[in-house]
Amino acid sequence: REITGNTRGTPIPGLLCWKDMMTTSEMKTDLRTDGKLGAILNQWSEYAPFCRLTDSLNTATPVTVSGLSGSSSAFLLANLVKLRKEPLLVVCPGPEEAADLYEDLVVLIGEGQVGHYPSRQILPYDFRAPVGEIMGRRISTLAGVLDGKVRIIVAPIRALMEPAIPVEQLRSAS
């Protein structure tokens, strides 16, 4: 299907709607494996500043990374997680930033390897029950870490200050 360029419905030559050509999951798989996005992702691992970063992480030297914009932090994290055996925990300032980074990482490395650990979205003095979907996402992320399937966890800082299910209880339930 062609995309129209104005209100009269005139098609713009050469532009096609990718949504009609493949499903979202097919699009994500194509981008990660053999598409141009996969090639860009692989080039990050050869980028000199990235190599210096990984060298300094191996020596336990404190490292500050700055100047990343847009999805470049997702590219950096996607390459870091490939080099590490342990899962990575990424702490974001707020829930919107965490959700955006989670979505970027899902496109780059796949939904099964990325966990989103959202905050419960209730105040400490509010005696309402948390939303079931949010609690389910929190528990499935923690279970994925225990199973070794989730390689990177994205969470807003508030989520890390809230109570979580004890590890023993989570292990016995799975």
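Please read these numbers as outputs of a predicted model, since none were measured by experiment.

Enquirer: In this structure, what is going on with the sheet that holds strand β3 (residues 88-92)? I would like to understand it.
Expert: Strands pair in a sheet through their backbones, by hydrogen bonds, and they do so in one of two ways: parallel or antiparallel. Taken in spatial order, the 3 strands of this open sheet run β3-β5-β4, and their pairing is parallel. Strands with a single pairing partner mark the edges of an open sheet, and in this sheet they are β3 and β4 (114-116). Pairwise comparison of adjacent strand axes, ignoring direction, gives a mean angle of 20° for this sheet. For β3 and strand β5 (residues 152-156), the ladder comprises 5 bridges, and the chain directions are parallel. The residue of β5 that forms the bridge with Cys 92 is Pro 156.

Enquirer: Is there a simple way to think about helix α4 (residues 72-83) in this case?
Expert: Owing to its 3.6 residues per turn, the α-helix brings residues three or four apart onto one side. With 12 residues, α4 extends 17 Å between its outermost C-alpha atoms, agreeing within 8% with the 16 Å of an ideal straight helix rising 1.5 Å per residue. Counting buried positions over the 12 residues of α4 gives 9, a clear majority of the element. Looking at the buried side of α4, the elements it contacts are α2 (36-44), α3 (48-58), β3, α5 (95-109) and β5.

Enquirer: Honestly, the layout of surface pockets in this entry has me stumped. Any pointers?
Expert: By rolling a water-sized probe across the atoms, one finds the places where empty space is left. Roughly 300 Å³ of internal volume is contained in the largest pocket. Going through the elements one at a time, α3, α4 and β3 are the ones with two or more residues in the lining of the largest pocket. Per-element accounting of the lining of the largest pocket gives the leading share, 4 residues, to α4. Across the lining of the largest pocket, the residue classes break down as 11 nonpolar, 2 polar and 1 charged. Here the second largest pocket defines a volume of roughly 190 Å³. In terms of lining, the second largest pocket is formed by Leu 89, Tyr 117, Leu 142, Val 145, Leu 146, Ile 153, Leu 160, Ala 164, Ile 165, Pro 166, Val 167 and Leu 170. If you list the elements that add at least two residues to the lining of the second largest pocket, you get α6 (132-147) and α8 (167-173).

About the criteria used
- Residues numbered from 1 in each chain as written.
- Predicted model: local features only at pLDDT ≥ 70, side-chain atom pairs only at ≥ 80, totals over all residues.
- Heavy atoms only, no water.
- Pairing = 2+ DSSP bridges.
- Helix = DSSP H or I, 4+ residues; strand = E, 2+ residues; numbered from the N terminus.
- Axes fitted to C-alpha atoms, helices over the stretch in contact; angles between N-to-C directions.
- Expected span 1.5 Å × (residues − 1).
- Buried < 20%, exposed > 50% of the residue type's maximum accessible area, 1.4 Å probe, protein only.
- Contact = heavy atoms within 4.5 Å.
- 1 Å grid on protein atoms, 1.4 Å probe; cavity = no way out; pocket = protein on both sides within 12 Å on 5 of 7 lines; lining within 4 Å.
- Points joined across faces, edges and corners; volume = space filled by probe spheres on them.
- Nonpolar A, V, L, I, M, F, W, Y, C, P; charged D, E, K, R; others polar.

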